[in-house]
Amino acid sequence: MTAVLDLVVVGHVTLDRLAGEIRPGGAAYYAAVAAHRLGLGVGLLTSHGPDFPEDALPDGLSVVNVDADRTTIFEHARSPAGRTLRMISRATDLVAEDLPAAWREAPLALLSPVAGEVDPRVASCFPDASLGVLPQGWMRARGAGGAITPRLWENADLVLPHIQLLVVSEEDVAPFRQEALEWFQRVPVAAVTRGARGAALFVNGEEYGVAPDPAVERDATGAGDVFAAVLLLEYHRTADPWEAAAAAACAAAASVEGPGAAAIPDRTTLEARLAAYHTRLAG
């Protein structure tokens, strides 16, 4: 394990069935890969079974895996009504006791559940960190046949007092707009990702628009997770939420231009894309 970590990510890595293909995924996976590509020391607390290809995780990533019989598997489908998800299997819950003591000293942490697997009390394990949260996995109910439907984030009161950044997708909060607006008032920075239309940024409860960075979309899976990770990292690095959101928009746009995690940018690529983004908006 890496002795010193910049970021700890907590959540299930998954296997995603999409258009006849099976590949690694999950918010924790995309966030960890994004941070690693930007040069950070990353620790990943996750749970997966022997069916997960461990070589899918970058060399140099520190991983604590809570053993499970099977990896969390989602089946993705798209229709004119939008995306649908079905959970085929689920790995093991992640609780505070699974977190190595040294990891609690990391300056950055990101909780990214996909199947309600992260105990909300883990949020209290990082008292000195800048903590970001993607609550989508706490906003999913598993119904008949594994069908995923929206539900209200019921444990928000346990998590929000500990966090600096909240990121949700437009799809996550569509049924819960009033509740989401209340959440945004309770954290320093929040964002709602809107795909090719950019994002909404909330700073101390005030809303600002984030222009999209144009991209030739090949695969949008994981783009919101990349956005969240980069927003957290750059906000911590620059203390400028607007500049951090611009970098996050550029990273997310780059990520959709290749399959899976292949196009997530490194630092050099992101800085070049961000410079072009600013030039375009200024012109």
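Analysis parameters
- Residues numbered from 1 in each chain as written.
- Predicted model: local features only at pLDDT ≥ 70, side-chain atom pairs only at ≥ 80, totals over all residues.
- Heavy atoms only, no water.
- Pairing = 2+ DSSP bridges.
- Helix = DSSP H or I, 4+ residues; strand = E, 2+ residues; numbered from the N terminus.
- Expected span 1.5 Å × (residues − 1).
- Buried < 20%, exposed > 50% of the residue type's maximum accessible area, 1.4 Å probe, protein only.
- Polar contact = N/O pair within 3.5 Å; in protein donor to acceptor, adjacent residues only side chain to side chain.
- Axes fitted to C-alpha atoms, helices over the stretch in contact; angles between N-to-C directions.
- Parallel < 35°, antiparallel > 145°, perpendicular 65-115°, else oblique.
- Left-handed = near helix turned anticlockwise from the far one by under 90°.
- Contact = heavy atoms within 4.5 Å.
- Nonpolar A, V, L, I, M, F, W, Y, C, P; charged D, E, K, R; others polar.
- Phe/Tyr/Trp six-rings, centres within 6.5 Å; stacked < 30°, edge-to-face > 60°.
- Lys NZ or Arg CZ within 6 Å of the ring centre and 35° of its normal.
- Salt bridge = Lys/Arg side-chain N within 4 Å of Asp/Glu carboxyl O.

Novice: Explain the pairing of strand 15 (residues 206–210) to me, using residue names and the numbers behind them.
Specialist: Note that strand 14 (residues 199–203) and strand 15 share five bridges and pair antiparallel. Residue pairing across strands places Phe 202 opposite Glu 207, the latter belonging to strand 15. In sequence, strand 14 turns back onto strand 15 through a hairpin of two residues, with Asn 204 there showing a positive phi of about 50°.

Novice: Before we move on, can you summarise helix 6 (residues 241–255) with the specific residues and values?
Specialist: Because an α-helix completes one turn every 3.6 residues, residues spaced three or four positions apart along the sequence face the same direction. Here helix 6 is 15 residues long and its end C-alpha atoms lie 21 Å apart, about the 21 Å a rise of 1.5 Å per residue gives. The element helix 6 is extensively covered by neighbouring structure, given that 13 of its 15 residues are classed as buried. Taking the backbone nitrogen of Trp 242 as reference, a side-chain oxygen 3.0 Å away marks Asp 240 as the first, capping residue of helix 6.

Novice: Account for the packing of helix 6 against helix 7 (residues 267–282), with residues named and values stated.
Specialist: The geometry of helix 6 relative to helix 7 is characterised by a closest axis approach of 9 Å and an angle of 115° between their N-to-C directions. One finds that helix 6 runs roughly perpendicular with respect to helix 7. Crossing handedness for the pair helix 6 and helix 7: right-handed. Along its contact with helix 6, which presents Glu 243, Ala 246, Ala 247, Ala 249, Cys 250, Ala 251, Ala 253 and Ala 254, the element helix 7 presents Leu 270, Arg 273, Leu 274, Tyr 277 and His 278. Grouping the amino acids of the contact of helix 6 with helix 7 by side-chain chemistry returns 10 nonpolar, one polar and two charged.

Novice: Tell me about the sheet that holds strand 5 (residues 62–65), residues and numbers included.
Specialist: An order of 5-4-1-8-9-12-13-14-15 is seen for the nine strands of this open sheet, with the pairing classed as mixed. Strands at the two margins of the open sheet, each flanked by one partner only, are strand 5 and strand 15. Here the average twist between neighbouring strands, direction ignored, is 15°. In terms of strand pairing, strand 13 (residues 189–193) meets strand 14 through five bridges, oriented antiparallel. Bridge pairing in strand 14 links Val 192 to Ala 200. Strands in contact with helix 6 are strand 13, strand 14 and strand 15; relative to strand 14, the strand with the most contacts, it is inclined by about 160°.

Novice: Describe unusual backbone geometry, naming the residues involved and giving the relevant values.
Specialist: In this structure, Asn 204 is a non-glycine residue whose phi angle is positive, near 50°. Among the secondary structure elements, Asn 204 is positioned in the loop between strand 14 and strand 15. The phi torsion at Ala 239 lies on the positive side, around 60°, for a residue other than glycine. Within the fold, Ala 239 resides in the loop between helix 5 (223–238) and helix 6.

Novice: Provide a residue-level description of the packing of aromatic side chains, including the pertinent values.
Specialist: Enumeration over the complete set of coordinates arrives at five aromatic pairs. Here the aromatic rings of Trp 153 and Trp 183 are separated by 5.1 Å at their centres, their planes lie at 80°, and the arrangement is edge-to-face. Of this pair, Trp 153 sits in the loop between strand 11 (148–150) and helix 2 (156–159) while Trp 183 sits in helix 4 (residues 177–185), placing them 30 residues apart in sequence. The class of Trp 153 is buried, set by a relative accessible area of 2%. Looking at Trp 183, the relative accessible area reads 5%, which means it is buried. One aromatic cluster is present, built from ring pairs that chain together Trp 138, Trp 153 and Trp 183. The cationic tip of Arg 140 hangs over the ring face of Phe 74; the distance from NZ or CZ to the ring centre is 5.3 Å.

Novice: So, the packing of helix 1 (residues 27–37) against helix 5: which residues are in play, and what are the values?
Specialist: Contact pair helix 1 / helix 5: the axes reach a minimum separation of 8 Å and the direction vectors enclose 45°. For the element pair helix 1 / helix 5, the angle class is oblique. The interaxial crossing formed by helix 1 with helix 5 has right-handed handedness. Facing helix 1, whose interface residues are Ala 27, Tyr 30, Ala 31, Ala 34 and Ala 35, helix 5 presents Asp 225, Val 226, Ala 229 and Leu 233.

Novice: Residues and numbers for helix 5, please.
Specialist: For helix 5, spanning 16 residues, the distance from its first C-alpha to its last is 22 Å, which sits close to the expected 22 Å at 1.5 Å a residue. All of the buried residues in helix 5 are Ala 223, Asp 225, Val 226, Phe 227, Ala 228, Ala 229, Val 230, Leu 231, Leu 232, Leu 233 and Glu 234. Backbone geometry just after helix 5 places Ala 239 at a positive phi near 60°.

Novice: Hey, could you go over the pattern of salt bridges for me, with residue numbers and the actual values?
Specialist: Applying the stated rule across the entire model yields 14 salt bridges. One salt bridge in this structure joins Arg 23 and Asp 219, with 2.3 Å as the shortest N-O distance. Residue Arg 23 is located in strand 3 (residues 21–25), and its partner Asp 219 is located in the loop between strand 15 and helix 5; the two are separated by 196 residues in the primary sequence. Grouping residues by exposure puts Arg 23 and Asp 219 together as buried. The partner of Arg 197 in a salt bridge is Glu 170, and the shortest N-O contact between them spans 2.3 Å.

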